[in-house]
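Chain by chain, the residues:
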Amino acid sequence: MDGCFEMDNNFYFIPCLGVMAKYNGKTPDLSILRELVGNHYDDFSKVNFSRSANAFPVEVSLFLSGSCNLKCSYCYYSSGGKSKEEDLKIDNIDIIISYLIRNAKIRKLIGHNYKISVLLTGGGEPTYNWDNFSYFVMKLKECSKTNELPVEISLVTNGILGEQQIEFICKYIDFIQISYDGLPELQNKNRRLVNGRSSSSLVEQTMMSLSLRGKEFSVRSTVLPCDYIKIYEMVQDVFAKYSYAIKYHIEPIQYTGRATSIERDTQGDNDIFIKEYIRTQKMAL
């Protein structure tokens, strides 16, 4: 006998006997599953198809804030300074964490991958509201440990961070990606602070601090068509300066948000991008 339950008008199949055998020998006691699923548990007779492999997500990308301390020329979100949208509230953070923990418990019971994997990104800058950021990280780590569930937290940040923040990130964040446009002159052209001042030295200081602490990180550069010719130089410069930069992600401009006013790629630009990308890839290998 197998069972199913309904969540948001979707049916999910669960091998109830197999689940309960882990807890009660051969006696199918549905109370454990009912406790996790709540009043969404459905009648056994409604089993008609299975989507349990995709049910109860434990891998999420999360925008903690729409605000940012940079005002990038090509920002798809048109962020910079305090956003008109409110930051994620603590109550909502608690709900998200409870949701992930519950989903992981259920997935563990039915024999699917149950490692919680969270990508903190934006939007705005995830660390802009530091109280919310640190609260989310510590609460998720604490709840995962209490429930004996594996957890992995990744962060995409613009790198405008203080030393205490870097220390926290090194200790509690598993994977870090720094958004940096490869060369100081490109960073300062494209990714200036909200007050209009240059940002390259601040981000470079963060990358150096990470390297000195032995914390590996990747770098992501957004590249405008006029700068495709500099891709090789960008990658070479980063790998030469920062011993713990282990990956480099090149992203051509997306013509959304503020970038709609930027001159678009031509076939000549695309040819240059392909040529420089291949050249850089050979260098990296």
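Computed from a predicted structure; not experimentally measured. (Residues numbered from 1 in each chain as written. Predicted model: local features only at pLDDT ≥ 70, side-chain atom pairs only at ≥ 80, totals over all residues. Heavy atoms only, no water.)

Participant: Would you mind going over the packing of helix H8 (residues 231-241) against helix H9 (residues 267-284) with me for this structure?
Facilitator: To characterise two packed helices, one gives the angle between the axes of the helices and the distance between these axes. Close contact between H8 and H9 brings their axes to 8 Å; oriented N to C, the two are set at 30°. With respect to each other, H8 and H9 are oriented roughly parallel. Between H8 and H9 the crossing geometry is right-handed. Counted together, Ile231, Tyr232, Val235 and Gln236 of H8 and Phe273, Glu276, Arg279, Thr280 and Met283 of H9 form the full contact between these two elements. Its residues assigned to classes, the contact of H8 with H9 comprises five nonpolar, two polar and two charged. (Axes fitted to C-alpha atoms, helices over the stretch in contact; angles between N-to-C directions. Helix = DSSP H or I, 4+ residues; strand = E, 2+ residues; numbered from the N terminus. Parallel < 35°, antiparallel > 145°, perpendicular 65-115°, else oblique. Left-handed = near helix turned anticlockwise from the far one by under 90°. Contact = heavy atoms within 4.5 Å. Nonpolar A, V, L, I, M, F, W, Y, C, P; charged D, E, K, R; others polar.)

Participant: Just to check I follow, could you spell out the packing of aromatic side chains for this structure?
Facilitator: For any pair of aromatic rings, the description consists of the separation of the ring centres together with the inter-plane angle of the planes. All chains considered together, the criterion is met by eight aromatic pairs. Relative to Phe168, the ring of Trp130 has its centre 5.4 Å away and its plane inclined at 75°; by these criteria the two rings are edge-to-face. Of this pair, Trp130 sits in helix H4 (residues 130-146) while Phe168 sits in helix H5 (residues 163-172); the two residues are 38 residues apart in sequence, bridging distant segments of the chain. Phe168 gets classed as buried once you look at its relative accessible area, which sits at 15%. Ring centres 5.9 Å apart and planes at 25° place the aromatic pair Phe273 and Tyr277 in the stacked group. Residue Phe273 and its partner Tyr277 are located together in helix H9, separated by four residues, close to a single helical turn. Phe273 gets classed as buried once you look at its relative accessible area, which sits at 17%. Members of the aromatic cluster, joined through ring pairs, are Trp130, Phe133, Phe168 and Tyr172. It is Arg279 that lies over the ring of Tyr232; its NZ or CZ is 3.8 Å from the centre. (Phe/Tyr/Trp six-rings, centres within 6.5 Å; stacked < 30°, edge-to-face > 60°. Buried < 20%, exposed > 50% of the residue type's maximum accessible area, 1.4 Å probe, protein only. Lys NZ or Arg CZ within 6 Å of the ring centre and 35° of its normal.)

From the geometry alone we can't say anything about function, so treat these as descriptive.
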